[in-house]
Structure formats: C-alpha cells, structure tokens
Amino acid sequence: QVQLVESGGGLVQPGGSLRLSCAASGSIFSTDVMGWYREAPGKQRDLVASITSGGKTNYADSVKGRFTVSRDDAKNTVYLQMNSLKPEDTAVYYCNAVVRLDQSTTRYMYWGQGTQVTVSS
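Here we summarise the structure given alongside this text.

Analysis parameters
Residues numbered from 1 in each chain as written. Predicted model: local features only at pLDDT ≥ 70, side-chain atom pairs only at ≥ 80, totals over all residues. Heavy atoms only, no water. Phe/Tyr/Trp six-rings, centres within 6.5 Å; stacked < 30°, edge-to-face > 60°. Helix = DSSP H or I, 4+ residues; strand = E, 2+ residues; numbered from the N terminus. Buried < 20%, exposed > 50% of the residue type's maximum accessible area, 1.4 Å probe, protein only. Polar contact = N/O pair within 3.5 Å; in protein donor to acceptor, adjacent residues only side chain to side chain. Contact = heavy atoms within 4.5 Å. Salt bridge = Lys/Arg side-chain N within 4 Å of Asp/Glu carboxyl O. Disulfide = S-S within 2.5 Å. Core = buried A, V, L, I, M, F, W, Y, C linked by side-chain atoms within 4.5 Å.

1. Observations concerning the packing of aromatic side chains
- A full pass over the atoms with the stated rule returns one aromatic pair.
- The interplanar angle of 65° and the centroid separation of 5.0 Å between the aromatic rings of Tyr37 and Trp111 together place this pair among those described as edge-to-face. Here Trp111 lies in strand E10 (residues 108–111) and Tyr37 lies in strand E4 (residues 30–39), a separation of 74 residues in the sequence.
- You can call Trp111 partly exposed: its relative accessible area is 35%.

Listed below in structure tokens is the structure:
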C-alpha cells in the first residue's frame, strides 16, 4: 500500500520559519496532486496549498505570499516552506496525495498521519 510520512513540524516563534516534508512510498505508478491541509482545534480540515504534477500551485488566501509548496517527483516528496509564521497558523498539518497505482485511470487519495505546528512566543 501507499504511505505518506511527514516531518518538520515543531514549535516556532511568530515571524519564524518551518519546512515540512512528506515522502510517499509504496507501489505508486504516478502521483497527481500533492498538497497540505491543516486542522486547528475545533475547526475543520482546510486546504493550505497544493501542487499538480505539472507544477501548478494553489494556496489558501491566508497563506499566500508566506508559504511555498514544491515537489520532487524523483523522491515522491512534497514540501511546504512556511515563512512569517503567525499564531493563527498553529494546527496539525496533514499531507495529501492523489496517486495512480497502475496504468488505469483510477486514482486514490492518501493522507499522512499529521504533524503539529505551533506558533507561539
């Protein structure tokens, strides 16, 4: 099966930076969209940023200009560079990937286990 393993979360002061990584492993034929979602306490899980296999990116309005999503297809890895972090960015961040397991057109969605990001002084 497919596994997504995240790393890079932690505690950072307001204005600081963190870089999240998410590596996909398993029997992956190709990876379409990869991205990051976040879930704050008492709130729903929302899209933070995504990137297609063609490199097209999409960002939540609240992170535009501060966060950058990128991917390394050779490593099946997606990154989230987070700069100018604010307390309201505090949440559990989840990696997401839509993949094909074979040459068929069927796509499957997978989630990582989540990594905590806390922005606090």
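That was the structure; now back to the text.
2. Some words on the side chain of Thr115
- One can find Thr115 in strand E11 (residues 115–119).
- There is a polar contact of 3.4 Å between the side chain of Thr115 and the backbone nitrogen of Gly9.
- Residue contacts for Thr115: discarding those within four places in its chain leaves Glu6, Gly9, Leu20, Ala91, Val92 and Tyr93.

3. Some remarks on the pattern of salt bridges
- Applying the stated rule across the entire model yields six salt bridges.
- In this structure, Asp89 engages Arg38 in a salt bridge whose closest nitrogen and oxygen atoms are separated by 3.0 Å. With a gap of 51 residues between them, Asp89 in the loop between strand E8 (77–82) and strand E9 (91–100) and Arg38 in strand E4 connect regions that are remote in the sequence.
- By relative accessible area, Arg38 is classed as buried at 15%.
- Ionic pairing is found between Asp61 and Lys64, a salt bridge with its closest N-O pair at 3.1 Å.
- Judged by relative accessible area, Asp61 falls into the exposed class, the value being 64%.
- Connected through salt bridges with shared partners, the residues Arg38, Arg66 and Asp89 form a single ionic network.

4. Concerning the state of the cysteines
- One pass over the full model with this rule turns up one disulfide.
- In this model, Cys22 is linked to Cys95 through a disulfide, with the two sulfur atoms separated by 2.0 Å. For the disulfide bridge between Cys22 and Cys95, the dihedral angle about the S-S bond is near -80°, and by the sign convention the bridge is left-handed. Note that Cys22 is positioned in strand E3 (residues 18–25) and Cys95 in strand E9, a separation of 73 residues in sequence.

5. What to know about the environment of Gly15
- Residue position: Gly15 is located in the loop between strand E2 (10–12) and E3.
- Judged by relative accessible area, Gly15 falls into the exposed class, the value being 54%.
- With 78 residues separating them in the primary sequence, Gly15 and Tyr93 have C-alpha atoms 18 Å apart.
- Discounting chain neighbours no more than four positions away, the residues touching Gly15 are Ser84 and Leu85.

6. Notes on the nonpolar core
- Counting 30 residues, the largest nonpolar core has Trp36, Leu80, Met82 and Tyr93 as its most contacted members.
- Mapped onto this core, the elements with two or more residues apiece are E3, E4, strand E5 (46–51), strand E7 (67–72), E8, E9 and E11.
- Residue contributions to this core peak at five residues, all from E9.

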